[in-house]
Amino acid sequence: MTTRRNAVKFIAGAAAGTVFTPVPWKLIRDSALWSENWPGVPRPATGEIKFKQTRCGLCPAGCAVRARCVGEQPVSLAGIEGALCPLGVTGHHLPFHPSRLKSGPVAEAKARLSQALAGGARPAVLDLRPGRTASARYRQIMAERKGFYLSPPRPPVAVNLAAAKVVISLGVPLFEGWLAPARVFAVRDHFRLVQVEPSLSRTAALADQWLPAATDLHALASSLKSQGQVLVLDHAMSPEILALNRELGGWGKTVVPLPDEPPAEIAVVPDGAIGALLIDESGPGPYIPWPEIAPKLAPGAVVVALSWWREGYARHTALALPTPVYPESADDVPYTREPIAPLVKPPAGVIDPVEFIAGQPLGAPSPASPLMAGAVVPRIAEMPVSTPLFSKLYNESNLLMHPHQAALHPSSGFRPGEPALLAGAYGNLEIEVVLDPGIAPGRVGFVPTPAVLDICGFREPQVVRA
Amino acid sequence: MKRYGMTIDIDRCTGCGACMLACAVENNIPPVNGANDRKGLTWIRVYQVDNGEDFPNRRSAFIPVLCQHCGHETPCVHVCPQQAVDVDPATGIVGQMPERCLGCRYCMAACPYHARYFNWWDPKWPVGMERTLNPDVAPRMRGVVEKCNFCHGRRHAAEQAGLAEYTPACAEACPTGAIHFTDLNAHPPAQADTFRLLDRLGTDPKIYYHSSREWVRRQGEPASAARPTVADQRVPNPSRDRKGAVPAPVAKADSSRDRTKPIAGRNADSLNPKEASRG
């Protein structure tokens, strides 16, 4: 007879007995595998595998690149004469950057520019990657229109490490992208590196000798002369350092002069002189802090940013127009003018900056002017750019500092992870403190993103309590 | 018979991360939004280690850590209930089959090198970036463990093309030439100044590191050198021997340094990275 007690006993017994069968374990496994295969895993596109060659357009080194493509789309980039830097390896992801600018008020920008120029406004072009054929064109146009051609500080020389036996570096991030890393390490075993730098940078960590304190440079160079040709570097290759290299007999050997060009620093422009500013930010490049630019603008000046992303000058104007970005754009390598062939077509709606500024496309690039073999143009200005996969380096690991962090010595009194303010001459920015015993007491390590540069300019910021 | 492995010259590693990015590009590893360094996916990960001194006596170095492709008593193989991990006897490569993986993460607990990573989320790339995926490697689904397989897509492509050798993406991308991939049977690594991570565990890792700096070579073994090894702990029990769990040495983490915590905290063992400081 079926009673309630019997039914409960049967169900409980069945449940207990099931545990001793493979059923629950099979169910767990199968449900795990089933849930793993819910839709959401993208399938890579297939197609004919092609290889294309170009030059990397992300810094003045212009490394040769071999692109592996599926159809026309690059799926990986590799160096030809040496491996690429982290940015170069992921350069084909730039068109898909979450901050990519995809549309902008083109007609309105043209109308406001025409109106301003017709009203006698003095134009200016800010070219963030000087030394290209496009740069020469901008310079010519501005000369014709009595405007200003402006650019970030440009290196006066290329550097040939192969000719040096001793390198004295004054805080130059020699192994961190100042020159193409592969070209540095191709000759690394042939020179001794003395790094003079207050903090333990990556270059200092791998230098043959790290001098945290400032030293008498002439005495140091003289004492090392017996080991062979001495090359002295500082970040911008300043006139004093060039003179010292000339004294040391390195002119034309370890330092190779680049063609002279008229000055284009923004500091030479009188305040309030620019009535219409056109910014060519069509590729990852250096960034001049906005507070350095803003005083040069006349009241009501029209600012048009021809930009590939929203994180740069597009934050400072409503007239931000989208441009192609590497590897979509046809361009040339700064100073050597070697052509950079586009690997993919740019999306619809982007604006060619040269065509917009000059009124017509660039056409053929200027003839290449090769440097002395082994010489590389340094990247003297910061490039605050990363690709989406860089999250592997600063989010998913601790390898790089996050843009919203600042590093201090533990004696600073801050706690790790403490919220604080990065205080610069032009404002404050919320950051999180990271303690690093490799940082000199009193110094600050920070990531020079456009947002950070906008609050501190080219001077080192301070960290203050929030 | 091959025995693929790597020699990594720590004295040339600048910690630029090109190997990590090239690995992600080659193996279709997505950028994980919202992940931290304990939940990220990095089949090869570069740790910053230091000599423990304060400024200005501090010195640091970078150690790329990937699956060590253990050749003896491979811990992850022993613990996997799904037989989703195997050692290829022809190459010595420890493979991972995500289709079989249950996501139990026993292998992650067993791995003394923290070289295995769990897919916490569906793989997602920024809009349109799926077009840049490598057609030779299938993206993995959520809920499975993944790790370095010495770029099996490249190995298969090389085999199909009849090539005897190939180069994994990290070795190809290293701008300083610090990473060398080779058949260790044909090209045994030099003995001088060479070390392996946690060598005393007896797992026969196939990644050899080189540094002329003595304090860097010490990073290969944790500070608790007196702890027993696998061999010391063996008891006369064949089944236990076969499935013997590898004892985890204790890390001597310096908790005063914030960026250390995630590394040392993942599991109490490892490389004793006293600190992974600023980049």
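Rules behind the numbers
- Residues numbered from 1 in each chain as written.
- Chains lettered and ligands numbered in written order.
- Predicted model: local features only at pLDDT ≥ 70, side-chain atom pairs only at ≥ 80, totals over all residues.
- Helix = DSSP H or I, 4+ residues; strand = E, 2+ residues; numbered from the N terminus.
- Buried ≥ 20, exposed ≤ 12 C-beta atoms within 10 Å, placed from the backbone.
- Contact = placed C-beta atoms within 7 Å.
- Core = buried A, V, L, I, M, F, W, Y, C linked by C-beta atoms within 7 Å.
- Pairing = 2+ DSSP bridges.
- Axes fitted to C-alpha atoms, helices over the stretch in contact; angles between N-to-C directions.
- pLDDT = per-residue confidence, 0-100.
- Nonpolar A, V, L, I, M, F, W, Y, C, P; charged D, E, K, R; others polar.

(A) How the structure looks around the overall build of chain A. Each helix and strand counted, chain A has 14 helices and 21 strands in total. Projected onto its principal axes, the C-alpha coordinates of chain A cover approximately 110 × 60 × 55 Å. Burial statistics for chain A: of 466 residues in total, 50% are counted as buried. For chain A, the proportion of contacts with a sequence separation of at least 24, taken over those separated by at least 6, is 70%.

(B) Highlighting the overall build of chain B. Helices and strands together make up the secondary structure of chain B, namely 9 helices and 10 strands. Sorting the 279 residues of chain B into buried and exposed places 49% on the buried side. Of the contacts formed within chain B by residues at least 6 apart in sequence, a portion of 64% connects residues at least 24 apart.

(C) A look at the nonpolar core. Of all hydrophobic cores here, the largest spans 196 residues; its most connected members are Val304 of chain A together with Cys19 of chain B. Element by element, the count of residues in this core is highest for helix α1 (residues 18–26) of chain B, at 8 residues.

(D) Molecular detail of unusual backbone geometry. Following Tyr326 of chain A, the chain continues into Pro327 of chain A via a peptide bond in cis, with omega recorded as 5 degrees. Relative to the helices and strands, Pro327 of chain A is located in the loop between β14 (319–322) and β15 (331–332). The amide bond that connects Phe55 of chain B to the next residue, Pro56 of chain B, takes the cis arrangement and shows omega of 5 degrees. Within the secondary structure layout, Pro56 of chain B lies in the loop between β2 (45–50) and β3 (60–65). Phi at Glu73 of chain B is positive, roughly 50 degrees, even though this residue is not glycine. Topologically, Glu73 of chain B is positioned in the loop between β3 and α2 (75–79).

(E) Representation of the sheet that holds β14 of chain A. Residue and element names in this part refer to chain A. Ordered by their spatial adjacency, 5 strands build an open sheet running β5-β4-β12-β13-β14, and the pairing between neighbours is parallel. Looking at which strands have only one partner, the edges of the open sheet turn out to be β5 (148–150) and β14. Averaged over all pairs of adjacent strands, the angle between strand axes in this sheet comes to 15 degrees, irrespective of strand direction. Sheet topology places strand β12 (residues 274–281) next to strand β13 (residues 297–307); 7 bridges connect them, and they run parallel. When the bridges of β13 are listed, Ile274 appears paired with Leu297. Sitting on the sheet, helix α5 (residues 133–144) touches β4 (123–127) and β5, and the angle it makes with β4 is about 165 degrees.

(F) Expanded view of the environment of Ser369 of chain A. Relative to the elements of secondary structure, Ser369 of chain A occurs in the loop between α12 (353–358) and α13 (391–394). Residue contacts for Ser369 of chain A: discarding those within four places in its chain leaves Thr336 and Arg337 of chain A.

(G) View of the confidence of the model for chain B. All names here are of chain B. On average, residues of chain B score 82 in pLDDT, and 79% of them are at 70 or above. In this model, residues 225–279 is a region of pLDDT below 50 whose contacts with residues beyond four sequence positions or in other chains number 116 contacts. Scored as a whole, the predicted complex attains pTM 0.87, and scored at its interfaces, ipTM 0.89.

(H) Broad picture of the pairing of strand β10 (residues 207–210) of chain B. Residue and element names in this part refer to chain B. Burial of the side chains of β10 extends over both faces: Ile207 and Tyr209 are buried on one face and Tyr208 and His210 on the other. Taken together, the 4 bridges between strand β1 (residues 4–9) and β10 define a ladder with parallel strand orientation. Within β10, the residue paired with Ile8 across the bridge is Tyr209. Pairing geometry for strand β9 (residues 194–195) and β10, over 2 bridges, is antiparallel. Along β10, the bridge assignment pairs Thr194 with His210.

(I) Representation of the interface of chain B and chain A in the model. Listed by partner, the interface residues are 64 residues for chain B and 63 residues for chain A. Contributions of two or more residues to the side of chain B that touches chain A are made by α1, β2, β3, α5 (169–173) and α9 (261–265) of chain B. Take the side of chain B that touches chain A: its biggest share by element is 7 residues, from α1 of chain B. In the side of chain B that touches chain A, the residues fall into 31 nonpolar, 17 polar and 16 charged.

(J) Examining the environment of Asn51 of chain B more closely. All names here are of chain B. Inspection of the secondary structure assignment puts Asn51 in the loop between β2 and β3. Residue classification places Asn51 among the partly exposed positions, given that 16 C-beta atoms sit within 10 Å. On a C-alpha basis, the gap between Asn51 and Val216 in space is 7.6 Å, while along the polypeptide they are 165 residues apart. Not counting residues within four places of it along the chain, the set of residues in contact with Asn51 comprises Arg58, Arg59 and Trp215.

(K) Quick look at the sheet that holds strand β7 (residues 166–170) of chain A. Residue and element names in this part refer to chain A. One open sheet holds the 4 strands; their spatial order is β9-β8-β7-β10, and the pairing between them is parallel. The sheet terminates laterally at β9 (209–211) and β10 (230–234), the two strands that pair on one side only. Strand-to-strand twist of the sheet, defined as the mean angle between neighbouring strand axes without regard to direction, takes the value 15 degrees. As paired strands, β7 and β10 are joined by 5 bridges and run parallel to one another. Counted as the bridge partner of Val166 is Val230 from β10. Relative to the sheet, helix α9 (residues 217–224) contacts β7 and β10, its axis offset from that of β10 by approximately 150 degrees.

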